[in-house]
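A structural walkthrough
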Amino acid sequence: AHAESVRNRRKGDDGAACVERAQKATALLDWMELLALRSSKIRPTTESYRIALSAWAWSHHVDAPKEAESILYRMTRASDANNSRDANIADGGNDDASTAKDHSDSLVRPEVRDFNTVINCCSFARKVGADK
């Protein structure tokens, strides 16, 4: 039933708008990552990455799986960077309690549902040459 409702939604003229929203969400995520490089106060959160993933998954665009996989890869890289920062704090690199709290609040941790979102994105993407 869900797959049928998704197919019916696709038949409308809303496809371009969905892709545009996904592109805007990705652009915002790019901007947040750029700001994170310049300042330690602004960082994308797990939810930031999930919003961009979901936007591409719901766009059903041909390039959506590639874009979603790219965002998931960036999310796992951010998680690895968080783990490195936590190890540095644990080793005494910076033992300020407020800094440790700030890092724990902004941790990026991909979960199973993020990988499932990418898989769903692949299954619902429009095929090249398929009827609209």
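Up top is the structure.
Every chain is numbered independently, its residues counted from 1 as its sequence is written. Per-residue local features are limited, in this predicted model, to residues with pLDDT of at least 70; the limit for side-chain atom pairs, both in listing and counting, is 80 or more; totals at the level of whole chains, interfaces and linings are taken over all residues. In computing side-chain values, all of the structure's heavy atoms are included and hydrogens and water are not.

Re the overall build of the protein
Note the following rule: Put simply, DSSP H or I for four residues or longer makes a helix, DSSP E for two residues or longer makes a strand, and each gets a number counted from the N terminus. When checking whether two residues touch, look at their non-hydrogen atoms; a contact exists if any pair is within 4.5 Å. Areas reported as accessible are Shrake-Rupley estimates using a 1.4 Å probe. Residue values count occlusion only from the protein chains shown.
Each helix and strand counted, the protein has 6 helices and 0 strands in total. Put simply, the protein runs from its N terminus to its C terminus through helices and strands in the order α-α-α-α-α-α. Put simply, 74% of the contacts in the protein that link residues at least 6 apart link residues at least 24 apart. On the protein, roughly 8500 Å² of surface is accessible, and the fraction owed to carbon and sulfur atoms is 53%.

Here we look at the side chain of T46
As a reminder, the rule being used: Throughout this description, buried means an accessible area under 20% of the type-specific maximum (1.4 Å probe, protein chains only), exposed means over 50%, and partly exposed covers the range between. Under the rule applied, a polar contact is a pair of N or O atoms within 3.5 Å (in protein, one hydrogen donor and one hydrogen acceptor; residues adjacent in sequence only if both atoms are side-chain atoms).
In this fold, T46 is placed in helix α3 (residues 46–59). The exposure class assigned to T46 is buried, which follows from its relative accessible area of 12%. In this structure the side chain of T46 is engaged in a polar contact, spanning 3.1 Å, whose partner is the backbone nitrogen of R109. Beyond its immediate chain neighbours, meaning those up to four positions away, T46 contacts M75, L107, V108 and R109.

A closer look at the packing of α3 against helix α6 (residues 112–124)
Note the threshold: Every angle, taken between N-to-C directions, lies between 0 and 180 degrees, and every axis is a line fitted to C-alpha atoms, over only the stretch in contact when it is a helix. Orientation labels follow simple angle bins: below 35 degrees gives roughly parallel, above 145 gives roughly antiparallel, 65 to 115 gives roughly perpendicular, and whatever is left gives oblique. Two helices cross in a left-handed way if the nearer one is turned anticlockwise from the farther one by less than a right angle. They cross in a right-handed way if the turn is clockwise. Think of it as three bins: nonpolar holds Ala, Val, Leu, Ile, Met, Phe, Trp, Tyr, Cys and Pro, charged holds Asp, Glu, Lys and Arg, and polar takes everything else, Gly as well.
For the pair α3 and α6, interaxial distance at closest approach is 9 Å and the crossing angle is 20 degrees. Judged by the inter-axis angle, α3 sits roughly parallel to α6. Relative to α6, the crossing made by α3 is left-handed. For the pair α3 and α6, contact is made by R50, L53, S54, W56 and A57 and by R113, D114, T117, V118 and C121, respectively. Split into classes, the residues belonging to the contact of α3 with α6 amount to 5 nonpolar, 2 polar and 3 charged.

Comments concerning the state of the cysteines
We apply this condition: Cysteine sulfur pairs qualify as disulfides if the two atoms are within 2.5 Å.
Summed over all chains, the structure comprises 0 disulfides. Here C122 is not disulfide-linked; the sulfur of C121 is the nearest cysteine sulfur, at 5.8 Å. The class of C122 is partly exposed, set by a relative accessible area of 41%.

Considering the nonpolar core
Threshold: Remark: nonpolar core denotes a set of buried residues (Ala, Val, Leu, Ile, Met, Phe, Trp, Tyr, Cys) joined through side-chain atoms within 4.5 Å.
By size, the foremost hydrophobic cluster in this structure holds 18 residues, and its most contacted members are Y49, L53, W56, A68, I71 and M75. Contributions of two or more residues to this core are made by α2 (15–38), α3, α4 (64–90) and α6. In this structure, Y49 is in contact with L29, E33, P44, I71, R74, M75, A78 and V108, ignoring residues within four places of it in sequence.

A short note on unusual backbone geometry
Even without glycine at this site, H60 takes up a positive phi of about 55 degrees. Secondary-structure assignment places H60 in the loop between α3 and α4.

Topic: the pattern of salt bridges
Let me state the cut-off plainly: We define a salt bridge as a side-chain nitrogen of Lys or Arg found within 4 Å of a carboxyl oxygen belonging to Asp or Glu.
Overall, the coordinates contain 6 salt bridges when judged by the stated rule. Salt-bridge contacts for E111 lead to R50; the nearest nitrogen and oxygen are separated by 3.4 Å. Highlighted residues: E111 in the loop between α5 (97–105) and α6 and R50 in helix α3, separated in sequence by 61 residues. The class of E111 is partly exposed, set by a relative accessible area of 41%. In this structure, a network of salt bridges that share partners links the residues R50, E111, R113 and D114.

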